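These are the residues of each chain, in order.
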Amino acid sequence: MKVAAFLPNDYTKNVASGNVTWKSPSNIALIKYWGKKEDQIPQNPSISFTLEACATTTKLSYKKHDQPQNDFSFDLFFEGTQKDDFKPKINTFLKRVEQYLPFLKDYHFTIETSNSFPHSSGIASSASGMSALALCLMSLEKELNPKISQEDFNRKASFLARLGSGSASRSIEGDIIVWGQHANTIGSSDLFGIKYPYGVHEVFKKYHDTILLVDKGEKQVSSTVGHDLMYNHPFAQQRFVQAHENLTKIQSVLADGDLKEFIAIVESEALTLHAMMMTSSPYFILMKPNTLEIINRIWKFRETSGTHVCFTLDAGANVHVLYPENEKDTVYPFIQKELLKFCQNEHHICDQIGFGAKKL
Ligand code: PMV
């Protein structure tokens, strides 16, 4: 599929005003996207679990101008307060998607957005935030062109969300999403995320992600800076090849429910992401001492308990603790007893695999 497929057909309706609200989840990558080409094209494919509890709710109100304007016109409210400092990011996003949504300058928008997770918890809100906004804009496009199919709607929402934040392309649907062209994944594309197209073992139907908030501060390295560090990175090419290979490997793991191999791939991906940042120029260590302490305790507990608890990391110090539903009664008490003391004020979020964004 080519980019031109996302240019709209003629709009058949006139819409003067209205509003729409979407609740869109975050997601956690098992195989990580780190490094991109121009236009938010990923250097390698990634796969993620869509989450359920960590979500952004965005209400988009729109009112048509009497005359089309030269600039985008919008107000932005975050958790009830006008937030002009968030506007440049939205402005950049609108510029990127304008050619695919040519009505944008015809309207004044009010964007009211809030997160289910606390602000500055160190949880990235770009995936849920950008996907929620992309879905709202798609709902307006659907009003202008009601003929758009559900499949095209989701695909274009993911395409637009990607232009806001790469990982946001994986937050439209659930429960397992692949984004990025991969030879062994039918239908995969660099332009948008797709639902994982193959069979998945029962054990992955309900999977828990308890997010341990080790460090709630601002991210030390923004995604933009982080992705840029993969240009001229001495190990980048090898890493991109590895991600393709890992995506092939995880397919049989997802089919067979081989949790031992699942753990090996997922933890290696997390550590590789951090290794890339430790070996870039400039270099960064994004883990904190408590991150390492948690990882060591997970390893020890896994060995002694015979469970399949494992961890993954984003580009920060927080730890995502992953475990299957049938081990919840053993693993969650362990988290409470042994891991929460390494979180800021014992702060954590109990999340699990989810099924995608919802229109409210
Ligand atoms: O979507 P971005 O540009 O914020 O990148 C996110 C990258 C990671 O979260 C570190 C990995 C991933 O695949 O989600």
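Not measured: the values here are computed from a predicted model.

Draft legend 1. The sheet that holds strand β12 (residues 319-324), seen in detail. The four strands are arranged β11-β12-β10-β13 in an open sheet whose pairing can be described as antiparallel. Bordering the open sheet on either side are β11 (310-313) and β13 (348-352), each of which pairs with just one other strand. Neighbour-to-neighbour, the strand axes of the sheet open up by a mean angle of 25 degrees, direction not taken into account. Pairing of β11 with β12 involves four bridges; the strand directions are antiparallel.

Draft legend 2. The arrangement of the packing of helix α1 (residues 87-97) against helix α2 (residues 126-144) in detail. In contact at an axis separation of 12 Å, α1 and α2 are set at 50 degrees when each is read in the N-to-C sense. Comparing their axes, α2 and α1 come out oblique. As for the relative orientation of α1 and α2, their crossing is right-handed in sense. Listed contacts from α2 to Lys89, Ile90, Phe93 and Leu94 of α1 are Ser126, Met130, Leu133, Ala134 and Leu137. Considered class by class, the residues forming the contact of α1 with α2 number seven nonpolar, one polar and one charged.

Draft legend 3. A look at the nonpolar core. Counting residues in each nonpolar core, the largest one holds 74 residues, and the members touching the most others are Ile47, Phe109, Ile250 and Phe262. Ranked by residues supplied to this core, first place goes to α2 with nine residues. There are two domains that each give this core at least three residues, and those are domain 1 (3-198) and domain 2 (204-352). Discounting residues that sit within four places of it in the chain, isoleucine 250 has contacts with Leu30, Ile31, Ile47, Phe262, Ile265 and Val266. Residues Ala270, Ile298, Leu313 and Val321 belong to the second largest nonpolar core, which totals 22 residues.

Draft legend 4. Region of the structure containing the domain arrangement of the protein chain. The domain architecture assigned to the protein chain consists of domain 1 (3-198) and domain 2 (204-352). Measuring from the centre of the C-alpha atoms in domain 1 to the corresponding centre in domain 2 gives 26 Å. Contacts between domain 1 and domain 2 engage 36 residues on the former and 44 residues on the latter. Summing the contributions of domain 1 and of domain 2, the shared interface buries around 3300 Å²; its carbon and sulfur component is 67%. It is Ile31, Lys32 and Trp34 that lose the most area in domain 1 upon contact with domain 2, and together they represent 25% of the buried surface on that side. Counting across the interface, domain 1 meets domain 2 through one salt bridge. Taking the shortest distance from any N to any O, the salt bridge between lysine 32 and aspartate 314 comes out at 3.9 Å. For the pair domain 1 and domain 2, the number of links is 15 residue pairs in polar contact (both at pLDDT 80 or more). For the side of domain 1 that touches domain 2, the element with the most residues is strand β4 (residues 46-64), which contributes seven residues. Among the residues forming the side of domain 1 that touches domain 2, the class breakdown is 20 nonpolar, eleven polar and five charged.

Calculation criteria
- Every chain is numbered independently, its residues counted from 1 as its sequence is written.
- Note on the predicted model: pLDDT of at least 70 is required for a residue's local features to be given, and 80 or more for side-chain atom pairs to be given and counted; whole-chain, interface and lining totals, by contrast, use all residues.
- Side-chain metrics rest on all non-hydrogen atoms present in the structure, leaving aside hydrogens and water.
- Paired strands are those between which DSSP finds at least two bridges.
- The way it works is that DSSP assigns letters per residue, a run of H or I at least four long becomes a helix, a run of E at least two long becomes a strand, and they are numbered from the N terminus.
- Fitted lines through C-alpha atoms serve as axes, helices being fitted only where they are in contact, and the angles separating the N-to-C directions of these axes extend from 0 to 180 degrees.
- Any angle from 65 to 115 degrees is called roughly perpendicular, while one under 35 is roughly parallel, one over 145 is roughly antiparallel, and all others are oblique.
- By definition, any crossing whose near helix is turned counterclockwise from its far helix by less than a right angle is left-handed, and any crossing with a clockwise turn is right-handed.
- Any two residues having at least one pair of non-hydrogen atoms within 4.5 Å are treated as being in contact.
- Under the convention adopted here, Pro, Cys and the residues Ala, Val, Leu, Ile, Met, Phe, Trp and Tyr are nonpolar, Asp, Glu, Lys and Arg are charged, and Gly plus all remaining residues are polar.
- Side-chain atoms within 4.5 Å are what join buried Ala, Val, Leu, Ile, Met, Phe, Trp, Tyr and Cys residues into a set we call a nonpolar core.
- Accessibility here uses a 1.4 Å probe with only protein chains present; expressed as a share of the type maximum, an area under 20% marks a residue as buried, one over 50% as exposed, and anything in between as partly exposed.
- Domain delimitation follows an automatic or database domain assignment.
- The term buried area means the drop in 1.4 Å probe accessible area that two parts suffer when joined, counted for both and summed.
- By definition, a salt bridge exists where a carboxyl oxygen of Asp or Glu is found within 4 Å of a side-chain nitrogen of Lys or Arg.
- As used in this structure description, the phrase polar contact means that two N or O atoms lie within 3.5 Å; if the pair is within protein, one of them must be able to donate a hydrogen and the other to accept it, and residues adjacent in sequence are counted only when both atoms belong to side chains.

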